[in-house]
Amino acid sequence: MLPRVNILFLLCVLLVLLLIYLLLNTSSQYSVPHPKISYRHLVHSIETDRLVDFVNSTRPYHLSPESPCNDETMDLLGVILVSSYVTHDNLRSAHRRAMPQDKLKSLGLLRFFLLAEIPAHEKLITQESIEGEHRRFGDIVQGNFIDAYKNLTYKHIMGLKWASIECFRSSFIVKMDDDTVYDITRLRRMLQGFRFSHEYDDLFLSGYVQSNKKPIRMRPSKWFVSHKEFRDALYPTYLSGWLYITNQRTAFELVSATEDTPFFWIDDIYVTGILAKKISAPLERRNNLFSANHDFLECCIRDAENHKFKCPYLAGPNGGDPELIVRFTSAISGCRECRDRKDSDPKINETCVGVYKSHPGHRGAPEVKEFNL
């Protein structure tokens, strides 16, 4: 038989192990779960605090157009890069229907969609369908990394590098999100103006300037940022990712600066804030051209159709309605008789009344409806 002392010792050890097990299980019940994101295709892992090596990697793409900007007879004013999630084929379709590539080309512009690889949890879309979409339209750049919210910085830098190499003849690069509504006629006019007001080799970033923004430290938030990820009390001044404009020299220097700049996953802050500050690129404020309220864009459509007023906004969100992209482009671009508002005319923010719309869920997303019982 074992001595009494040994038995007591074993019992004490078992009791301690049991307490530790109970404590760990209890704490895990109340912790906020972190999303599991696969980085299996990244050259460097997040733990290295460095971005994927898009600078030295010769072809970090799964799909990309062949010689997309090789028409030397075309005066290539700008390349539009649209960051799009793999399952957002409805948004990509809306952009193509609103402004086909041939029409854009006639304006001196080309548009390409930035995607990444399909996450494992996305069961309703296949790589074959993405490749079929690319064969049909020839406008997809797909990176060799998983498409995920915390990979947007990789997608952003991938797009800038791709455009600066494959479309180096382009005077400007326009970077935007796929849920952004924008006035293509006004955008083209702005780019033409920038050609005369800015030198080709100027450092140049123009868009909606965000300043004095604090990191969100509350864990339940989608934009929660730990002190380890970003330790300062304020983000550097940056441009909203809705839509901004840059040129080839600036895009090249932003990409090059990633080689020795710690990674940060909020892409507009990283690229147009952290990297822009590092290369001393000034941010040109165009805040008056952006609407944060999609209802104002709806009212722009009604004002153009009914009162022949030009819309005061260049861009804004679609409010969850992909068709707003199509309707806005059609109404604003097609209104050749529209005029600017005079001081005596009512302002859009004084007369606009939003209309509630229910948008159906996409690809099995839940939809909440009200029923009378």
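Residues numbered from 1 in each chain as written. Predicted model: local features only at pLDDT ≥ 70, side-chain atom pairs only at ≥ 80, totals over all residues. Heavy atoms only, no water.

**Points about the overall build of the protein**
Working step 1: Across its full length, the protein carries 11 helices and 10 strands.
Working step 2: Across the 373 residues that make up the protein, the buried fraction comes to 46%.
Working step 3: For the protein, the share of sequence-separated contacts (at least 6 apart) that also reach a separation of at least 24 residues comes to 80%.
Working step 4: Looking at the protein as shown, the accessible area adds up to about 20,500 Å², and 55% of this sits on carbon and sulfur atoms. (Helix = DSSP H or I, 4+ residues; strand = E, 2+ residues; numbered from the N terminus. Buried < 20%, exposed > 50% of the residue type's maximum accessible area, 1.4 Å probe, protein only. Contact = heavy atoms within 4.5 Å. Areas by Shrake-Rupley, 256 points an atom, 1.4 Å probe, with all protein chains shown as cover.)

**Let's talk about the packing of aromatic side chains**
Working step 1: A complete count under the given rule lists 15 aromatic pairs for this structure.
Working step 2: Taking the centre distance of 4.9 Å and the plane angle of 65 degrees together, the rings of F194 and F204 count as edge-to-face. Here F204 lies in the loop between helix 6 (184–197) and strand 7 (205–210) and F194 lies in helix 6, a separation of 10 residues in the sequence.
Working step 3: Aromatic ring contacts, followed pair by pair, group Y149, F230, Y235, F264 and W265 into a single cluster.
Working step 4: Above the plane of the ring of F137 lies R96, whose end atom (NZ or CZ) is 4.1 Å from the centre.
Working step 5: In this structure, K222 packs its charged tip against the face of Y149, placed 4.4 Å from the ring centre. (Phe/Tyr/Trp six-rings, centres within 6.5 Å; stacked < 30°, edge-to-face > 60°. Lys NZ or Arg CZ within 6 Å of the ring centre and 35° of its normal.)

**A closer look at helix 4 (residues 127–137)**
Along an α-helix, residues three or four positions apart point the same way, because every turn accommodates 3.6 residues.
Working step 1: Looking at helix 4, one finds that the buried residues are Q127, I130, E133 and H134. All buried residues of helix 4 lie within an arc of 120 degrees about the axis, which places them on one face of the element. Looking at helix 4, the residues exposed on the side facing more than 90 degrees away from the buried face are E128, R135 and R136.
Working step 2: In this structure, the buried side of helix 4 is in contact with strand 1 (61–63), helix 2 (89–98), strand 3 (109–117) and strand 4 (140–146).
Working step 3: Downstream of helix 4 by one or two residues, G138 has phi in the positive range, about 60 degrees. (Arc of directions from axis to C-beta.)

**Observations concerning the side chain of D183**
Working step 1: Along the chain, D183 turns up in the loop between strand 6 (180–182) and helix 6.
Working step 2: One buried charge, D183, has no salt-bridge partner; the nearest side chain with opposite charge is R186, at 5.5 Å.
Working step 3: Each residue touching D183, except ones within four places of it in the same chain, is listed here: Y313, L314, F328 and I332. (Lys, Arg positive; Asp, Glu negative; His and termini not counted. Salt bridge = Lys/Arg side-chain N within 4 Å of Asp/Glu carboxyl O.)

**Focus on the environment of R169**
Working step 1: Residue position: R169 is located in the loop between helix 5 (152–166) and strand 5 (172–177).
Working step 2: Residues R169 and L77, spaced 92 residues apart in sequence, show a C-alpha to C-alpha distance of 8.5 Å.
Working step 3: A distance of 2.7 Å separates the side chain of R169 from the backbone oxygen of D71, its partner in a polar contact. (Polar contact = N/O pair within 3.5 Å; in protein donor to acceptor, adjacent residues only side chain to side chain.)

**Side note on the environment of L187**
Working step 1: Following the sequence through the fold, L187 ends up in helix 6.
Working step 2: Accessibility expressed as a relative area gives 0% for L187, which makes it buried.
Working step 3: Along the backbone, L187 and V174 are 13 residues apart, and their C-alpha atoms lie at a distance of 9.3 Å.
Working step 4: If we ignore the near neighbours within four places in the chain, the residues touching L187 are I80, V174, Y182, I245 and L314.

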